[in-house]
Amino acid sequence: MDKSMLQGLDGLPEEDQRRMAAVIEQLQVRDSMRMYNSVVERCFNDCVDNFTRKSLQKQEETCVMRCAEKFLKHSMRVGLRFAELNNLAATPDQSN
């Protein structure tokens, strides 16, 4: 877990800080699982349309790989953009 998430908890007793850290970690795990399940469902629905075999056909496998790769690239880009915006918000306005 990112320690910066706990910066606002400095005034709390240590036990409360640990509890809050555990809650935050649980929420992060839950959100990660939701995101993973969402990607699996979306890529499956978009790519798999033939249920005559146990395994994926080559074009289905390629589609699933591209779908997952696009999602990961998009997630990375969004994360980087949020980080940029967060840094800009934390930096005092230099134009004055």
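All of the points below concern the structure found in this document. Please read all numbers here as calculations on a predicted model, not as lab measurements.

Conventions used here
Residues numbered from 1 in each chain as written. Predicted model: local features only at pLDDT ≥ 70, side-chain atom pairs only at ≥ 80, totals over all residues. Heavy atoms only, no water. 1 Å grid on protein atoms, 1.4 Å probe; cavity = no way out; pocket = protein on both sides within 12 Å on 5 of 7 lines; lining within 4 Å. Points joined across faces, edges and corners; volume = space filled by probe spheres on them. Helix = DSSP H or I, 4+ residues; strand = E, 2+ residues; numbered from the N terminus. Nonpolar A, V, L, I, M, F, W, Y, C, P; charged D, E, K, R; others polar. Disulfide = S-S within 2.5 Å. Buried < 20%, exposed > 50% of the residue type's maximum accessible area, 1.4 Å probe, protein only.

**Notes on the layout of surface pockets**
A water-sized probe, rolled over the atoms, reveals where empty space remains.
Logical step 1: Volume-wise, the largest pocket comes out at about 160 Å³.
Logical step 2: Around the largest pocket, the lining residues are Ser38, Val39, Arg42, Cys43, Asp46, Cys67, Lys70, Phe71 and His74.
Logical step 3: Among the elements of the structure, α1 (14-47) and α2 (58-90) are those that each provide at least two residues to the lining of the largest pocket.
Logical step 4: The greatest single-element share of the lining of the largest pocket, amounting to five residues, is contributed by α1.
Logical step 5: Along the lines of polarity and charge, the residues of the lining of the largest pocket split into four nonpolar, two polar and three charged.

**Looking at the state of the cysteines**
Logical step 1: This structure, assessed with the given rule, holds two disulfides.
Logical step 2: A sulfur-sulfur distance of 2.0 Å marks the disulfide that ties Cys43 to Cys67. On the sign convention where negative is left-handed, the bridge of Cys43 and Cys67, at about -85° about the S-S bond, is left-handed. Linking Cys43 in helix α1 with Cys67 in helix α2, this pair joins segments that are 24 residues apart in sequence. Here Cys43 and Cys67 have matching classes, each one buried.
Logical step 3: Paired by a disulfide, Cys47 and Cys63 hold their sulfur atoms 2.0 Å apart. Judged by the torsion about the S-S bond (-65°), the Cys47/Cys63 disulfide is left-handed. Separated by 16 residues along the polypeptide, Cys47 in helix α1 and Cys63 in helix α2 bring together distant segments of the chain.
Logical step 4: A residue is classified by how much of its surface remains accessible, and Cys63, at 28% relative accessible area, is partly exposed.

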